[in-house]
Each structure stands twice: as structure tokens, then as C-alpha cells.
Amino acid sequence: MESKEIVELITKEIEINSFLNISEFLQQNNLKNIKIKDLIKEIEENYNSQLILDSKNTEVYSYELVYNFFKLKMFKSLETGDDIDLSFDDFKAFKSEDVIRVFGTIDSEFIDYLMDKI
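Here goes a summary of the coordinates provided. (Residues numbered from 1 in each chain as written. Predicted model: local features only at pLDDT ≥ 70, side-chain atom pairs only at ≥ 80, totals over all residues. Heavy atoms only, no water.)

1. Considering the pattern of salt bridges
Pairing of side chains with opposite charge becomes possible as their charged atoms draw close.
Okay, so step 1: Enumeration according to the criterion identifies 2 salt bridges in this entry.
Okay, so step 2: Two residues, Glu-44 and Lys-95, come together in a salt bridge whose shortest N-O distance is 2.5 Å. Residue Glu-44 is located in helix 3 (residues 36-46), and its partner Lys-95 is located in the loop between helix 5 (89-92) and helix 6 (96-117); the two are separated by 51 residues in the primary sequence.
Okay, so step 3: By relative accessible area, Lys-95 is classed as buried at 11%.
Okay, so step 4: The shortest N-O distance in the salt bridge between Arg-101 and Asp-98 comes to 2.9 Å. Of the two residues, Arg-101 and Asp-98 are both situated in helix 6; the distance of 3 residues between them amounts to about one turn of the helix.
Okay, so step 5: A relative accessible area of 11% means that Asp-98 is categorised as buried. (Salt bridge = Lys/Arg side-chain N within 4 Å of Asp/Glu carboxyl O. Helix = DSSP H or I, 4+ residues; strand = E, 2+ residues; numbered from the N terminus. Buried < 20%, exposed > 50% of the residue type's maximum accessible area, 1.4 Å probe, protein only.)

Right, dumping it as C-alpha cells:
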């Protein structure tokens, strides 16, 4: 089975559960002789708008799950007046480029919302 086909299976599973451990998924589905490195490359190159890998490349999350989690953190910080601490363990679980990309999207949407209200 090719990496693309396996990532499509992962995507279907993520639609149901929003999260999975790559090794466990491969084991549960009897997918042997698969290079995790190839799956990671496929996800990063072709599925990064749907899936986000953790910083250790062991778990895959739904982009929407991570996006909504970060959005909640951001709005909670606005409500409390506290700064967002990007060194917090919840953010360390993800690659810094993904954290920046998700927060950039949230910021952009928030600015667009404000511009529409002006």
C-alpha cells in the first residue's frame, strides 16, 4: 500500500476520532513494512490543511481540533487579559511552524471580522 493510500485511511479515521497514534493505527490495521517517515512526509506535503502532526511525529490530529483548541486558548487570554504563553506544554506538543500557522489563521480571521464590523 502506498503512503498516500495510508494517509487517506488516517484522514478517514481522524474524521471520526480527531486524533490517532500512528504506530497504533498501523498495528491495528495490520499495515506492515510501512515507513513512518514516508507517511510523515506525505502528511506534511499534501495534507497539512487537514492534519497536524505532533512535534515527535508520533500522533496525528485533525487541523480543526487544533485550530479550535488554539482559538479557545486565545479568546480565554483576551477575556482574562493574560498573555498567551507559547512555552506552555499544550503548545510544545506541536511543531512551532504549525503553531504559528494556526495562530496566524486565527489572527487573520479575527482582523477580518473586526474590519467587517467597522
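2. What to know about unusual backbone geometry
Most peptide bonds are trans, and most residues other than glycine sit at a negative phi.
Okay, so step 1: Phi at Asn-30 takes a positive value of approximately 50 degrees, unusual for a residue other than glycine.
Okay, so step 2: With respect to the element layout, Asn-30 can be found in the loop between helix 2 (22-28) and helix 3.
Okay, so step 3: With a relative accessible area of 60%, Asn-30 lands in the exposed category.
Okay, so step 4: Despite not being glycine, Asn-57 shows a phi value in the positive range, around 60 degrees.
Okay, so step 5: Position of Asn-57 among the secondary structure elements: in the loop between strand 2 (51-53) and strand 3 (59-62).

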